[in-house]
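# Chain and residue survey
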Amino acid sequence: MKNRKRWRALLLGVICLLPVHVFPVQAEEYWPEGPQIQGESAIVMEASTGTVLYEKNAHEHCYPASITKIMTILLAVENAGLDEEVTFSQDAVYKTEGSGISRDIDEVMSMRECLYGMMLESANECAYAIAEHVGKDYQDFINMMNDKAKELGCKDTHFNNPHGLPDEDHWTCANDIATISRAALQNDIFRMIVNTRRYTIPPTNKHSEETYLSNHHKMLNNYKGDEQYLYDYCIGGKTGYTSVAGSTLATFAEKDGMTLICVVMKEQGPAHYTDTRTLFDYCFENFQLWNVAENEKNYVEDIPEIKIFENEESFIGLNRDGCIVLPVAADFEDAVPKVQETHDDSQVIGQIEYTYANRRVGGANIEMTGTKVPEFKFQKKMENVKMPEKKVIRINIKYVVIGIMSVILLVGLGFGIYHLADNFYLIRYKFESKRQYRQRFKEMKDRKWRRRFRK
């Protein structure tokens, strides 16, 4: 705790230094103009930073259709194991319509197989069965969907089913679907499933033959032999369509280390594919990703005090994964930083965030690195010094007592001898005085008896 307070104090010092001389504000900040598309609502978001590169009516409420299932799979992979058995209820089979893989009541499949069925073939009965299994109760799962949306910061979303079939109380927006997709892309299982072109479900207790699945997303897979919309950089996504929602499409693409999320809504097919490609091409051509730790020189120069030894690593530093995204015409130094303290994580003591053209374009955490002070040389030398072996001495109490008594006796005897020697003449004088006194007394007694005898 004391170390954390020390680094926070240092961080406040850095904050005070930044506005003074390090980062000048650029006079002109250019943001590329986006292309014209047919869809009524669209957004392109960079996945690592959450930076919005393009938007068109991105917060307008729309019916999502089957791209709803991105939230359903996100909750499933976070709350259930892939090998768990899912049983299809009567409601799962008969309260769903539209796309499906013809499952039967009491049919049992693994969660893995249900997820592939839902995301590749857009099977609505699989979505319903997943909701019942994960939520333990269908309505509880709907509540989970809305709670998760709120947790992620979605403000224009209200889910009322797990599959996206028409419902007046089931709506969202392009921005919120992109936000949910960004969270889902951080999960490896999600990435694996949405990137799968074909999958085979083995025989079940109700189906004696295998069930073959083919991904409907034509930018990833030549669904029904249609190859005209294939996109080399596509890594997955989800299709959607109802007569009320029109065509909806969420697509993920990766190029030159940059992952983009494109969501188009209220489209008329096949424009949802052509618009998505147009937006991807525009963003990949006009924006680039910058790693903060590799390019932030001013920040590093302002905190040399955090090193104890000249050749030692810093005790705090910038997270190596932090990035910002800028137009290709801009340099890293054109972004304006802001450092602020955080209290959420014991290892993260602050954040440096960047803005450009009045947009948040990313940032990086300022973290405690866990660097340890190296051992001194004399410590290593001492390790090589052989210490003498320790000898264990056993003590017998009986002999200790005898020894103590002997010492006391000898001391007493010595003291007696010393006292006798020191008073030898005094003792001799007293002895002689007593002897002489007895001699005189005897002589006096003899004289007395002689007198009596003469009388």
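Above: the structure in question.
Parameters at a glance
Residues numbered from 1 in each chain as written. Predicted model: local features only at pLDDT ≥ 70, side-chain atom pairs only at ≥ 80, totals over all residues. Heavy atoms only, no water. Helix = DSSP H or I, 4+ residues; strand = E, 2+ residues; numbered from the N terminus. Buried < 20%, exposed > 50% of the residue type's maximum accessible area, 1.4 Å probe, protein only. Areas by Shrake-Rupley, 256 points an atom, 1.4 Å probe, with all protein chains shown as cover. Contact = heavy atoms within 4.5 Å. Salt bridge = Lys/Arg side-chain N within 4 Å of Asp/Glu carboxyl O. Pairing = 2+ DSSP bridges. Axes fitted to C-alpha atoms, helices over the stretch in contact; angles between N-to-C directions.

### Describing the overall build of the chain
Broken down by element type, the chain carries 14 helices and 15 strands. When the 455 residues of the chain are sorted by exposure, 45% land in the buried category. Carbon and sulfur atoms provide 51% of the accessible area of the chain, an area that totals close to 26900 Å².

### Comments concerning helix H4 (residues 111-120)
The buried fraction of H4 is high, at nine of ten residues. Within the span of H4, buried status applies to Met111, Glu113, Cys114, Leu115, Tyr116, Gly117, Met118, Met119 and Leu120. Following H4 by one or two positions, Ser122 has its phi on the positive side, about 55 degrees.

### Things to note about the environment of Leu82
Mapped onto the secondary structure, Leu82 falls in the loop between helix H2 (69-79) and strand S3 (85-87). Relative accessible area serves as the criterion here: at 17%, Leu82 is assigned to the buried category. Each C-alpha atom of the pair Leu82 and Glu113 lies 8.2 Å from the other, and the pair is 31 residues apart in sequence. Residues in contact with Leu82, not counting those within four places in the same chain, are Ser110, Met111, Arg112, Leu115 and Ile189.

### Focus on the pattern of salt bridges
For the structure on display, the rule yields eight salt bridges. One salt bridge connects Asp91 with Lys95, and the closest N-O pair in it is separated by 3.9 Å. In this structure, Lys148 and Glu151 form a salt bridge, with 3.4 Å as the shortest nitrogen-oxygen distance. One end of the pair is Lys148 and the other is Glu151, both in helix H6 (residues 138-151) and three residues apart, which spans about a single turn.

### Points about the sheet that holds strand S9 (residues 258-267)
Spatially, five strands are ordered S2-S1-S9-S8-S7 in an open sheet, and the strand pairing comes out antiparallel. With one partner strand each, in any of the chains shown, strand S2 (52-56) and strand S7 (234-242) form the two edges of the open sheet. With direction set aside, neighbouring strand axes in the sheet form an average angle of 5 degrees. Inspection of the sheet shows S7 paired to strand S8 (residues 246-255) by eight bridges, in the antiparallel sense. Bridge pairing in S8 links Thr242 to Gly246. Along the sheet, helix H7 (residues 174-184) makes contact with strand S1 (41-46), S2, S8 and S9, crossing S1 at roughly 30 degrees.

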